[in-house]
Structure formats: C-alpha cells, structure tokens
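Breakdown of the fold
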Amino acid sequence: MKAISIGLLGLGTVGSGVVQIINNHQDKLMHQVGCPVKIKKILVKNIDKARDFEIDRNMLTLSADEIIDDPEIDVVIEVMGGVESTKEYLLRAIRNKKHIITANKDLMALYGSELLEEATHNGCDLFYEASVAGGIPILRGLVDGLASDRITKMMGIVNGTTNFILTKMSKYGSPYEEVLTEAQQLGYAESDPTADVEGLDAARKMAILATLGFSMKIDLSDVSVKGITSITKEDLDYSKRLGYTMKLIGIASRTDEKVEVSVQPTLLPEAHPLANVNDEYNAVYVYGEAVGETMFYGPGAGSLPTATSVVSDLVMTMKNMRLGVNGRSAAAPQFEKCLKKPDEVYSKYFLRLHVKDEVGVFAKITTLFAKHSVSFEKILQLPIKEKDSAEIVLVTHRASLQDYENILNQLKDNALVHNIKSTYRVEGDEA
Ligand SMILES: NC(=O)C1=CN([C@@H]2O[C@H](COP(=O)(O)OP(=O)(O)OC[C@H]3O[C@@H](n4cnc5c(N)ncnc54)[C@H](OP(=O)(O)O)[C@@H]3O)[C@@H](O)[C@H]2O)C=CC1
Ligand SMILES: N[C@@H](CC=O)C(=O)O
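Just so we're clear, the structure is a prediction, and the values are computed from it rather than from any experiment. Residue positions are given per chain, counted from 1 along the sequence in the order it is written. Lettering of chains starts at A and numbering of ligands starts at 1, both following the order in which they are written. Local features in a predicted model are, by the rule used here, given only for residues with pLDDT of at least 70; side-chain atom pairs are given and counted only at 80 or more, and totals for whole chains, interfaces and linings are based on all residues. Side-chain metrics rest on all non-hydrogen atoms present in the structure, leaving aside hydrogens and water.

Some words on the site of ligand 1
We define proximity as follows: a residue is near a molecule or strand when any one of its heavy atoms falls within 4 Å of that partner. Neighbouring ligand 1 are 23 residues, the closest being Leu11, Asn46, Arg51, Glu190 and Gly302. Pairs of N or O atoms are called polar contacts if they sit within 3.5 Å, as long as, within protein, a hydrogen donor faces a hydrogen acceptor (for residues adjacent in sequence, only side-chain-to-side-chain pairs). Within the contact set of ligand 1, an oxygen atom lies 2.8 Å away from a backbone nitrogen or oxygen of Asn46. Here Glu190 contributes a side-chain N or O atom positioned 2.6 Å from an oxygen atom of ligand 1. With the chains in place, 83% of the 900 Å² that ligand 1 exposes on its own is no longer accessible. Note on areas: Shrake-Rupley, 1.4 Å probe, and residue coverage restricted to the protein chains presented here.

Right, here's the structure in full:
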C-alpha cells in the first residue's frame, strides 16, 4: 500500500507539533485513511539549529524546490509563515498538483481567494483550519456544522497571545513586557509579535471568519482594528471596579446584508462566558438564525493544539484523495459586500476623562452627551492628585459610533476637558 508523502515547510512551534502527531498517531491515521503517512522533506531556515526533539537531519532542506518540485510528494503542509514568497511557493506547489494545508492567516486573509481559486482549478485541496483559533475546529464548524443556517454574528477571542497578556495583567497585575516575553517563549506569539498586540493577527482571523460565515469576500482592510498596547493598569482597575473584564474581542455582525467587522479591546460583564476565557484560550460565539447561540472554545495557540488542526486537515485531504473528490474546498462568495456606516454601528462605551475640578463640570459634560441623545449607565467621579483636576469614568447606554465619535471630538475641543485618557467598547448584554 503506497504511503501518502508529505513535504513540510517549517519546523518551528507548529511544524514540530505536526511531526510529533504524524509520528505518534500512525495507527489512528492508518485507520482513518487506509494507508501510512510519511513526512519526506522539511524546509527550514537553519539546518544546524539546535532542536529540542529528535529529527533525522537528512530530512531537512534549505531548498523549497526539493519539496515543491518533487513528484513523489502528494501534500505540502505550510507552517513557516510569511506572505509573498510563501504565496509563490504554494502557487507553484498547486500547479504541480499538490494538495495544500496551511496555518498561515496572514496569507489566507490577503490571498486566500486567489490560492483557493488556483487549487480548485488544479483539482487540489487547500485547507486552513489552523489559521483561525489554533486547536478549535471553528472553520469546519461554520462551513460544515452550520452549513444549513444563516449566520448573523460571530464574536470572540481569536488571539491567544493577547488573551494570555490581558489575563496575567488583570488577574495578577503582571507587567505587559514580562508577559509578552512569556507568551513568546511559550510559542503563542507570531515571529513579530506586533501583529498580535496591535490586533492585526485577530483582524486577519476575523476577515477569514466573516468571509466564510457570511459567504461574502471580506478583505483585511474592511476590518477596523485596535490592539492592546495602550491599555493601562488604571483602565483594568476601573473596568474591574465597574464589574467588567477587558478582552480583545473580534466582532463580525450582519444586519440584513450590511456587515461590520472589527477587533478592539472590549469590556465584558464579569459573568459573560467570554470574560472567563483565560490565558491562551480562544472562544467564538456564533449566532445563527435557526440554531440560535453556539460557542466554540479551546486552545487558540501552541504547538500540539495547532498541529491537531493541521493534521485533521491532512486527514480530510487524504479521505478526499481516496474518494477522488479533491479540489472542492472553495465555495465562491454568494453575497455582495456592503459595510455598515458609523451611524449603523451601535455599542456602549467606556470613557475615562480628566476634567477641570470645578462646580458644574459634571452637569456640563452630561449636557454635551445629552445633545446627542446619549445617556450614562454607570458613572464614577473621583478627585485625583493633579491640582485642579478630577477624573470621570463612565459607561454610556447604547449609542451609534457616529454620535459617539462626534461627542469625543467635542470633548477634545472643550476647555473643561484636560485629557481623554481612554475609551473602549462595552459589549455583552445583548446578542
Ligand atoms: N504558534 C502558534 O501557536 C500558531 C501559529 N500559526 C501560524 O503557523 C505558522 C508557523 O508558526 P510557528 O510555528 O509559530 O513559527 P516558528 O517561527 O516557530 O517556525 C517557523 C519555521 O519555519 C522556518 N522558516 C521560516 N521562514 C523560513 C524561510 N524563509 N525559509 C525556510 N524556512 C523558514 C523556520 O526555520 P528554522 O527552524 O530553521 O528557524 C521554522 O522552522 C505561522 O503562519 C503562524 O502564524 C497558526 C496558529 C497558531
Ligand atoms: N499568535 C497567534 C497564534 C495563533 O494563531 C495567537 O496568539 O493567537
């Protein structure tokens, strides 16, 4: 019985997990697909690098061509990262009739449709389950499990690194830099962690989720993004005091055929299930018109969890090979994209202001909000050390983004306001 031959691009955090699962689960794979699975070659950047697991050095190569042009290799697994040259490697591999499995959300968010089209054209599979939420089978859940439903909203934590950082900062008061280093050491962060902390990694995942969930081509540039770098200890303390937990939340919502996709630090009521998703764990709520509310939960990053998704894609590809039905992993988007305008996006907002400490200031601020029909759900007014200043911390009732941005602009120009310290979205009381 001929073994399925794999070429692996990358042997880092995810790649080493893939090797481990394929080697340790041979019996299970054999049972699932009816033939052995063998990794033939592995592309790395540095052959002499010390690795904390055993690997036959003869399997390692510095030349991608040895994998892409090898006619014996059936499936290319890409876990090296990068965009432009990685895209060229995968396009060439597809044209050489190799099936592709990738964990690369940077690539899929930017060039997913082009790669999927090329794969379909060449009768090849292209699966990318690990690109969103690591070990959680969310893409298959959307595309297969909820295939019969109309998805209206997806909301969740889709970046393990930032969830790890926010958990440690708010629960234990750990310093940001220290926890980021820990997340890097644990293999959760991207090679350049800026993508994690600036929200870009989560935005790529939300673009992929929204494209699949809404059958609409959502581009990365359609996602509004704010990361966690400006969150302060004071913000976390005030959030707690008001009964909230801060999380980096991605939302993709659709009303009629208009959509909003965003990633931003968000306050959730402490009892909200997403508020209790901690460390590197991810969770995504998916609301369907027929099914109602579903929640997908699990490890969002790390070697073996992510590799589990990669190898599950491999099993799917091999089953398709046995049935002779490869090349059907892409479904063309069904709907035209129409993004919501700021006056169609509604939320509550947390706002922290430093104002002049004088009689009547609070009433004047309230009046400014009231002019835009925005009222407050919670409010704290506190003296601060700075001379002549007071701090106001408030949470609004639901308001349109347009109204809220107009209010912020007026506050910036108001002589009573010394400083707008921070503002965050507040979610979680309604679907
Ligand atoms: N880490 C995680 O938890 C998750 C990661 N992902 C995605 O999986 C992919 C891999 O991530 P991860 O394993 O963490 O990354 P690592 O940095 O740990 O590993 C990258 C691997 O690719 C090799 N490599 C990188 N660039 C090149 C190049 N130009 N030529 C040849 N080899 C190269 C490296 O070689 P060498 O070993 O010699 O340095 C290394 O083995 C990324 O797309 C990431 O976004 C997805 C979900 C979760
Ligand atoms: N850096 C990513 C890895 C998985 O996609 C994360 O932290 O979620």
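Now that the structure has been shown, we can carry on.
Considering the sheet that holds strand S4 (residues 75–78)
Pairing between two strands requires that DSSP report at least two bridges joining them. Only DSSP runs of H or I reaching four residues or more are called helices, and only runs of E reaching two or more are called strands; each is numbered from the N terminus. The parallel open sheet is built from six strands, whose spatial order is S3-S2-S1-S4-S5-S6. Every other strand in the sheet has two partners, leaving strand S3 (60–61) and strand S6 (126–127) as the edge strands with one partner each. We call two residues contacting when some pair of their heavy atoms lies within 4.5 Å. To obtain each axis, a line is fitted to C-alpha atoms, and for helices this fit is confined to the stretch in contact; angles are then taken between N-to-C directions over 0 to 180 degrees. Sheet contacts for helix H12 (residues 303–323): strand S1 (4–9), strand S2 (37–43), S4, strand S5 (99–102) and S6; angle to S5, the most-contacted strand, approximately 165°.

Notes on the pattern of salt bridges
For salt bridges, the criterion is a side-chain nitrogen of Lys or Arg within 4 Å of an Asp or Glu carboxyl oxygen. This model, assessed by the stated rule, comprises 28 salt bridges. With a closest N to O distance of 3.2 Å, Arg254 and Glu257 form a salt bridge. Lys258 is the partner of Glu344 in a salt bridge, and the nearest nitrogen-oxygen pair spans 2.7 Å. Highlighted residues: Glu344 in the loop between H12 and strand S13 (346–356) and Lys258 in strand S10 (residues 258–269), separated in sequence by 86 residues.

Brief notes about the pairing of strand S7 (residues 151–157)
Accessibility here uses a 1.4 Å probe with only protein chains present; expressed as a share of the type maximum, an area under 20% marks a residue as buried, one over 50% as exposed, and anything in between as partly exposed. In terms of burial, S7 is a largely internal element, six of the seven residues being buried. The pairing of S7 with strand S11 (residues 281–288) spans six bridges and is antiparallel. Its bridge partner lying in S11, Gly156 is registered against Val284. Note that S7 and strand S9 (residues 244–255) share four bridges and pair antiparallel. Note that in S9 the partner of Lys153 across the bridge is Ser253.

Here we look at the pairing of strand S14 (residues 376–383)
When S14 meets strand S15 (residues 389–396), the two strands line up antiparallel, connected through seven bridges. Directly across from Leu380, in S15, lies its bridge partner Val393. The hairpin turn running from S14 into S15, its antiparallel successor, is five residues long, and Asp388 in that turn takes a positive phi close to 65°.

So, the packing of aromatic side chains
The criterion for an aromatic pair is that two Phe, Tyr or Trp rings (for Trp, the six-membered ring) have centres within 6.5 Å, with stacked assigned to planes under 30 degrees apart, edge-to-face to planes over 60 apart and tilted to the rest. For the structure on display, the rule yields seven aromatic pairs. Arranged with centres 5.5 Å apart and planes meeting at 70°, the rings of Phe164 and Tyr188 form a pair that is edge-to-face. Of this pair, Phe164 sits in helix H7 (residues 160–172) while Tyr188 sits in the loop between helix H8 (176–185) and helix H9 (194–197), and the two are 24 residues apart along the sequence. An identical accessibility class is assigned to Phe164 and Tyr188; each is buried.

As for the environment of Ala415
Secondary-structure assignment places Ala415 in the loop between helix H14 (401–412) and strand S17 (417–426). Note on Ala415: relative accessible area 69%, which makes it exposed. C-alpha separation for the pair Ala415 and Val355, spaced 60 residues apart in sequence, amounts to 8.8 Å.

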